[in-house]
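# Observations on chain architecture
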Amino acid sequence: MIAVENLHRHFGGFRAVDGASLQIATGSITGLIGPNGAGKTTLFNVIAGRLPPTSGRVTMDGEEITGLPPHALFHKGLLRTFQIAHEFGSMSVRENLMMVPARQSGETLWNAWFRRGAVAAEERRLRDKADEVLEFLTISHLADEKASNISGGQKKLLELGRTMMVDAKIVFLDEVGAGVNRTLLNTIGDAIVRLNEERGYTFCVIEHDMDFIARLCNPVICMAEGKVLAEGTVEEVKNDERVIEAYLGTGLKNKVVGHA
Amino acid sequence: MDILNALVAFLNFVFVPGLAYGAQLALGALGVTLIYGILRFSNFAHGDTMAFGTMVTILGTWGLQAAGVTAGPLPTALLALPLGIAVTAALVLATDRAVYRFYRRQKAAPTILVIVSLGVMFVMNGIVRFIIGVEEIGFADGERFLITAGDFRKMTGLSEGLAIKTTQAITVVTALIVVAALFWFLNRTRTGKSMRAFSDNEDLALLSGINPERVVAVTWILAAALATTAGVLYGLDKSFKAFTYFQLLLPIFAAAIVGGLGSPLGAIAGGFVIAFSEVTVTYAWKKVATYLLPDALAPDGLVQLMSTDYKFAVSFTILIIVLLFMPTGLFKGKSV
Amino acid sequence: MAEPFLIGESMTGGYGAADILHGCTLAVEKGQIAVIVGPNGAGKSTAMKAVFGMLRLRAGHVKLEGEDITALTPQARVAKGMAFVPQTHNIFTSMTVEENLEMGAFLRRDDIRGTMEQVYELFPILKDKRRQAAGELSGGQRQQVAVGRALMTQPKVLMLDEPTAGVSPIVMDELFDRIIEVARTGISILMVEQNARQALMIADKGYVLVQGANRFTDTGPALMADPEVRRSFLGG
Amino acid sequence: MNRTLLLFAFVALLFVGTGVLQSWNSALGILNMALISAIMALGVNMQWGYAGLFNVGVMGFVALGGLAVVVTAAQPVPGAFSAGGWGVLAALALGAATIGGAVAVWRRMAKGWARTVALLAVLIGGFFAYRAIFDPAVAAIEAINPALYGNIGGLGLPVLLAWPAGGLLAALAAWAIGKTALGLRSDYLAIATLGIAEIIIAVMKNEDWLARGVKNMISLPRPVPYEVDLQQSAGFVAWAQGWGYDPVTASAIVVKLCYAALFVAVLAIIVTLSELALRSPWGRMMRAIRDNEVAAEAMGKDVTRRHLQIFVLGAAVIGIAGAMMTTLDSQLTPGTYNPLRFTFLVWVMVIVGGSGSNWGAVLGGFLIWWLWVMVEPIGLSLLGAITAGMADGSWLKAHLQDSAAHMRLLTMGLILLLVLRFSPRGLIPGR
Amino acid sequence: EDVKMGIILGFTGPLESITPNMASGAELAVNEVNEAGTLLEGSKVTVVRADSTCVDAAAATAAAERLVTSDKVQGIMGADCSGVTGAVLQNVARPNGVVMISPSATSPALSEAEDDGLFFRTAPSDARQGEVIAEILKERDIGSVAITYTNNDYGKGLADSIQQAFEKAGGKVTISAAHEDGKADYSAEVAALAAAGGDMLVVAGYVDQGGKGVIQAALDTGAFETFFLPDGMYGDALVEAIGSPLDGSFGTVPGTDSEGATKILDMAKEAGFDGTSSYVGESYDAASLILLAMQAAGSAAPADYKSKIEEVANAPGEKIYPGDLAKAIELLKAGTDIDYVGATNVELIGPGESAGSFREYTVKDGKFETDRFR
Ligand SMILES: Nc1ncnc2c1ncn2[C@@H]1O[C@H](COP(=O)(O)OP(=O)(O)OP(=O)(O)O)[C@@H](O)[C@H]1O
Ligand SMILES: Nc1ncnc2c1ncn2[C@@H]1O[C@H](COP(=O)(O)OP(=O)(O)OP(=O)(O)O)[C@@H](O)[C@H]1O
Ligand SMILES: [Mg+2]
Ligand SMILES: [Mg+2]
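Thresholds applied
- In this convention, every chain numbers its residues from 1, walking through the sequence in written order.
- The order in which chains are written sets their letters, starting at A; the order in which ligands are written sets their numbers, starting at 1.
- Whole-chain, interface and lining totals are the exception, using all residues; otherwise, since this is a predicted model, local features are given only for residues with pLDDT of at least 70 and side-chain atom pairs are given and counted only at 80 or more.
- Note: side-chain values were computed over all heavy atoms of the structure, leaving out hydrogens and water.
- UniProt positions are given in the numbering used here, feature names are shortened, and annotations may be inferred rather than shown by experiment.
- Each helix corresponds to a stretch of at least 4 residues labelled H or I by DSSP, and each strand to a stretch of at least 2 residues labelled E; elements are numbered beginning at the N terminus.
- Values of the radius of gyration come from C-alpha atoms, whereas the globule rule sets the reference at 2.2 Å times the count of residues to the power 0.38.
- Partly exposed describes any residue whose relative accessible area lies between the buried limit of under 20% and the exposed limit of over 50%, with all areas from a 1.4 Å probe on protein chains only and scaled to the type maximum.
- By the convention used here, residues are in contact when the closest approach between their heavy atoms is within 4.5 Å.
- Computed with a 1.4 Å probe, the accessible areas rest on the Shrake-Rupley method; for each residue, only the protein chains presented here act as cover.
- His is not counted here, nor are the chain ends, while Lys and Arg score as positive and Asp and Glu score as negative.
- By convention, the charge on Lys lies at NZ, on Arg at CZ, on Asp at CG and on Glu at CD.
- A single heavy atom is enough: if one lies within 4 Å of a molecule or strand, its residue is considered near that molecule or strand.
- Definition of a polar contact: a pair of N or O atoms within 3.5 Å, with one able to donate and the other able to accept a hydrogen when the atoms are protein atoms, and with sequence-neighbouring residues admitted only if both atoms are side-chain atoms.
- Basically, the charged four are Asp, Glu, Lys and Arg, the nonpolar ten are Ala, Val, Leu, Ile, Met, Phe, Trp, Tyr, Cys and Pro, and anything else, Gly included, counts as polar.
- Two parts lose some accessible area (1.4 Å probe) when they are put together, and adding that loss for both gives the buried area.
- Metal sites are built from N, O and S donor atoms within 2.8 Å, or 3.2 Å for Na, K and Ca, and they leave out water, so they may look incomplete.
- Start and end points for every domain follow an automatic or database-based domain assignment.
- For this analysis, a salt bridge means a side-chain nitrogen from Lys or Arg found within 4 Å of a carboxyl oxygen belonging to Asp or Glu.

As recorded by an unreviewed UniProt entry, chain C carries the name ABC transporter ATP-binding protein and is attributed to Cereibacter sphaeroides. According to the UniProt record, the Sequence similarities (unreviewed entry) comment for chain C reads "Belongs to the ABC transporter superfamily."

Within an unreviewed UniProt entry, the label attached to chain A reads ABC transporter ATP-binding protein, and the organism entered is Cereibacter sphaeroides.

Structure, rendered in structure tokens:
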């Protein structure tokens, strides 16, 4: 679905993404791991049109999408979440979701003024949909809360919720799990699998929780220093020496129990 | 061909006045940029703070003059400047207590603070006019010129003169010293860094043990010192008049913004950009061209790109063009 | 039993009219590690803020070394040797990494270079990036800066709100290691974690908060062993 | 809602009080400008409150609205158009073409010195060609009886048409400005728009051929009858006396009421449309953009286009208000446009009213305008109260009385600070 | 029955430094009449001041509206700036039929405004002064001048008329460039003026505004040494601020060889304000005319006395100077015709504006010395 070819993105002299090439197969749930600062988020930002690449190209279903603005990519079915939550702080949680779908008839002034009936009907549908998503994310009780007033983890859930408001082709999730309760994260994992299986969404998931990655992803790509370090099934990647050295480590060194 | 005369004409009418005016703007802009950098709002009362500080200094100067104290060749006002700074600092600190602190605690949006500062501006405006009136006041004494146009002509035998006023020289030197000091203060000292930390993330500054009230107080004191110095130097060079000080606000803001809000170096650069764009683009090159070109080619017209009617338009156009290419100013300023 | 080193006792309060915390109690002994877990929105961060004085309590009190500090401002608590890493907005984005660390040591008058070296040792990547604005760092790097800043205070109590969110496994292990070491030097640690299994492994005490109240309290390993806790809060 | 009603009732009371204590003429006079101010505030509120665009160029759009009145409704100047009108139009078209060409060169050609050279060639060549056509045409127009005309004249259309025309002119300008400057953020956008407003005023002051520049256009037509005509109409006099009114006062009041009716109609339309828009998905989208552009963009909203849309709409509203104001004054005096009055005062209205809320903007418009006018007498009476206790002939008393005029702005400042103290987010905070 | 007169001037805003003196000038006349106590049936005149802001037409209109409909003034001395004057005239004075005499609005356009015979000006028209100035320049053998003017209707109108008259007389205007009042810096203007050159610089501005700033900067840089100073630039403040470098500059100011001009200075000095400040005489005259016309009509109602203003102002009749108001009232009561000369030799022509006679003066040793009258 997505092919990234020899992509570079530099900040001044620093090469955040340094010639990465990778593919995300249609229908897959691709995991993207790598040490902090490996360039994962930057890669997402470039693919999603938030940052222009220094060089290289990105294609989606064979069509070049390098440098398209994010809103254009959204209309092509490419959605993403942000690692650092980007909620609409002054709006209610429900409105945060309702604003997502594209081409709402009420978004043109003409309809807002003169076709109020049709707009109202559409709003009801959106509202139901949003409530459904909130229910799933276990935050229905916050529907009318201002989004700036919800907890850190809840904001991450909201990020995820937005991608569930529309039918997407491919969804980029940037550490949706960080700060989310593990039990809930499992449920989210199930939902991702379901969306993938039932509706054919493609996912690309950045995550540092290896359990989560292991449960969901195939294949897994590990980045380091802006390049692709390893690629393969979870098992392959997990046992790759370089990945262990750069990313996974060998567990706690201190003896854990009874240290005091 | 008379390169020397052409050069002197250019220096006398464009470079020296532009430099001095730029330095004046820069000094004002430093205050604006400091408040923006630390307290995160555009302080509309800055022009009137300048007026207030200058007023106190003038009163002090009169007192000194009455007592027979002068500073020799330098203006007496420089002796009264510390007084002006002290009183102005007291005033702005009191204003902060009475007005701004409330909104800071409320975490009010910057625009609210801007409008509040507009209110403060009106009040200060009234106070200044009440105490010293609205008339123009000249308070410069001492040597007026380092060199006058006439003396220069006599000395060099050129037909063009070059005049440099004492106040112009003082302003430029002060501006450079102040910007260096401020830069050093903000980037190298503990207090300076704590001020930047406060402006960046107030809550976290609190968690680091930084005392916000102290940061705010230091900021206001510095701003008062900058405003008073700028106001006094400007007043010495031109004259003091409450309304003009209010009008200065616009070019000062322009300078601070084009330089990049929050950046002392930007304030200096911005001051010169604004000043020189006002002076150079509307300059009539006739005189310079007449010196440089052979008689036969001497221009009839003024050789002026734009008439001076448009000097503000021109300086703003240049400002906008700069911003189009550098959206947060020459020195990567902040934006809220 | 003697009074704990730091305790927030039956704290009740919230941001506006409605209470978020309902008589919640958190405590940590000297040189020990206490870990708070719970679902999203349970009030973990709120409880931390309450202990640090960033929230007005309607009932309950906070005591440090037996002294009631409920009325103190956060700054005053910093001066008393408490340090806190909030969950969000926990770095100075416009300042360099090094300046962030310096700000952590703002109240210290002694030589801070040694501590800074230790932080760089713990998070080597920060040393490479020390002249870069912290706002330009990756998510995990920012988190490292935030923890580093708190370590710079050389506190008596270190409060961490999800320090490992977004950091890679290798760094997380390092971080937990360091936390254990720090605790061994006699510093008390109170932290919120969603990487609960690792965290509870090293915890002397674990709290499960639900809807602003204590649901389970026990030693870390004991909580981990509780099937109910595992299923509902630790992801099975 | 209750609070809103209460606040509006309070403001209504201020106006009624003015009518009772001073005169109904005064009260209506203030009301008319207050209505116009409310519309201006609505325009600014759209840009700032809905979308977070920091437009500090309000004055420019107000002035353009005023210019539209001259262009549409002023009487044609005999011979002016034939003397230089076509020349001016041609020159302006050429100017626009030059800029278009320059932009095309910039876009089409590859980066490099060739592009720079081509760009400069287009710009410089265009500039001289423009001046070559423009200057003689202008000279010809300005030569026509400069003391009285010297301008190109208007179309002589009914003045009510000038209001939409004002909106249109302002919208066109806003479109051009938005295309170039909307990439800027917060205070940088502010100073850019402020600068553009200054440029617009500079043009209006110095281009005499357009609307006489600083020599002013006066006696512009009115959409309502003249008081003097009413006073001379026997029917009206009889009617007024029948109600027991003095015809002069009655005529002034009737005229003001006519204006008020027109203004209220415009205000009602704009408020209704704004409220409908704000409460629709469109408004939600705008708020999302204001809150977080990056996320809105990622959620498929074309932020640039929406910004442009709201900027143009807001400017159009301000332009309409500007045209209305010039109509009310029946004169265009470019020298009187200054940012304090036409930009910052409007901002005060928006912020005090509560940004993001249409009713707030309207309330702010009424309240602040009333204050702006009434602080003078309020200041004077404040001073009277202060000096009342002082001995006659004391130095301080004399000094205070001499400074009486400056109590005006001081009072304004104090009241502003008080209002914001008690409702720091504005009187009717928006969302 | 008492008489109320409104004074609308820009007490705040760009002209705030000259308007207090203008108001004091007008109040001199009022005090004089009150001291005599003989106006109409012993009416006392009270003054109500209002702020025109000079630049905010709407605020000025509102203030005037208050004066007329609430304070019920029967005549207005004002306004000052042409923009607000036009607005007050159209929106307040005409609808309510109140007489308005402006001491300082000189825009030629106001001559054409519909005024129902209610509007007068004691300031001479710009066109006339332009001719006088051109004449003086020619006589003094000035071949070329640079002109700078304050960018409003006064400055622009005056500059235009000087240029027209001077060029007609064979002179050369090297440049005519505007300056804005109240700005921080005039280097650009001076640079352009200096580059254009000329025998001297004509400064059609205000004495305590940009005009002074331009002169200062021109002297400092050595761009010009002598200046022509039209009425707006006449004032002690200028000589005080600039001092000896101004010696040798010359100019015109409305005035007569009559004692009027000097008298007003004395009266001002006695009252404790600066009588040489711009438009003080015009303000005095405007107020006097209103009061004397009331006396002539025997009524304070504007509708009655508006037609008397020209009668009182113009010949024939006994000449009235500042300080003679009591006498004038007696004369009017006795049915004798008067010719108000006042401080500025008022002679109303055409649509009710001052014909203007001018005094030509030169600055010598920091003093204004009268050369002759025209
Ligand atoms: N705006 C920027 N300016 C300079 N450097 C940047 C900028 N944004 C990112 N970087 C650098 O680029 C590198 C890659 O950052 P990125 O956010 O892509 O990492 P990541 O792989 O997502 O890490 P993490 O797992 O911690 O989120 C980091 O070293 C970071 O410091
Ligand atoms: N600033 C605020 N204003 C009002 N309510 C808030 C605010 N911050 C948080 N809340 C509410 O308080 C409750 C508890 O929030 P808190 O941040 O303490 O949760 P948490 O346990 O830390 O959750 P997470 O694991 O998601 O970080 C949430 O329901 C949230 O909606
Ligand atoms: Mg990342
Ligand atoms: Mg939390």
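### Details of the overall build of chain C
Secondary structure assignment for chain C yields 10 helices and 10 strands. At 17 Å, chain C has a C-alpha radius of gyration in line with the 18 Å of a compact globule built from 236 residues. With 236 residues in all, chain C has 59% of them scored as buried. Taking all contacts inside chain C whose residues are at least 6 apart in sequence as the whole, residues at least 24 apart take part in 64%. If you sum the accessible surface of chain C, you get close to 8,800 Å²; carbon and sulfur atoms cover 50% of it. Charged side chains in chain C number 25 positive and 27 negative. The centres of these two groups are separated by 3 Å.

### What to know about the site of ligand 1
Inspection of the region around ligand 1 gives 21 residues, with Lys 40, Thr 41 and Thr 42 of chain A together with Ser 138 and Gly 140 of chain C positioned closest. At the site occupied by ligand 1, the surrounding residues belong to chains A and C. Between Ala 38 of chain A and ligand 1, the recorded distance is 3.2 Å, taken from a backbone N or O atom to an oxygen atom. One of the side-chain nitrogen or oxygen atoms of Lys 129 of chain C is found 2.7 Å away from an oxygen atom of ligand 1. Starting from 640 Å² of accessible surface for ligand 1 in isolation, the protein chains cover 89%. Among the secondary structure elements, those contributing two or more residues to the shell around ligand 1 are strand E2 (14-24) and helix H1 (40-47) of chain A together with helix H6 (139-152) of chain C. A breakdown of the residues in the shell around ligand 1 according to their chemical character gives 5 nonpolar, 12 polar and 4 charged.

### A word on the interface of chain D and chain B
Facing the 43 residues of chain D at the interface are 50 residues of chain B. For the pairing of chain D and chain B, the buried interface totals around 3,900 Å² over both sides, and the portion due to carbon and sulfur atoms is 78%. Inspection of the chain D/chain B interface yields 10 residue pairs in polar contact (both at pLDDT 80 or more). Among the elements that make up the side of chain D that touches chain B, the one with the highest residue count is helix H7 (residues 186-206) of chain D (13 residues). For the side of chain D that touches chain B, a count of residues per class yields 29 nonpolar, 8 polar and 6 charged.

### Some points on the coordination of the magnesium ion (ligand 4)
All names here are of chain C. Here the magnesium ion (ligand 4) is held by Ser 45 (OG) and Gln 87 (OE1), and the distances to it run 1.9 to 2.1 Å. Here the residue Ser 45 occupies a position in helix H1 (residues 44-52), and Gln 87 occupies one in the loop between strand E6 (82-85) and helix H3 (97-104), the gap between them amounting to 42 residues. Grouping residues by exposure puts Ser 45 and Gln 87 together as buried.

### Thoughts on the domain arrangement of chain A
Residue and element names in this part refer to chain A. When cut into domains, chain A gives domain 1 (1-86 + 166-251) and domain 2 (89-146). Centre-to-centre separation of domain 1 and domain 2, based on C-alpha positions: 29 Å. Taken together, the contact pairs 7 residues of domain 1 with 8 residues of domain 2. Carbon and sulfur atoms make up 72% of the area that domain 1 and domain 2 hide from each other, which totals about 620 Å². It is His 75, Val 166 and Leu 184 in domain 1 that bury the most area against domain 2; as a group they hold 52% of the surface buried on that side. In this structure, the connection of domain 1 to domain 2 is made through 0 salt bridges. Residue assignment for the side of domain 1 that touches domain 2 shows that the elements contributing at least two residues are helix H2 (70-75) and helix H7 (182-199). A total of 4 residues in the side of domain 1 that touches domain 2 trace back to one element, the largest contributor, which is H7. Looking at the side of domain 1 that touches domain 2, its residues break down into 4 nonpolar, 2 polar and 1 charged.

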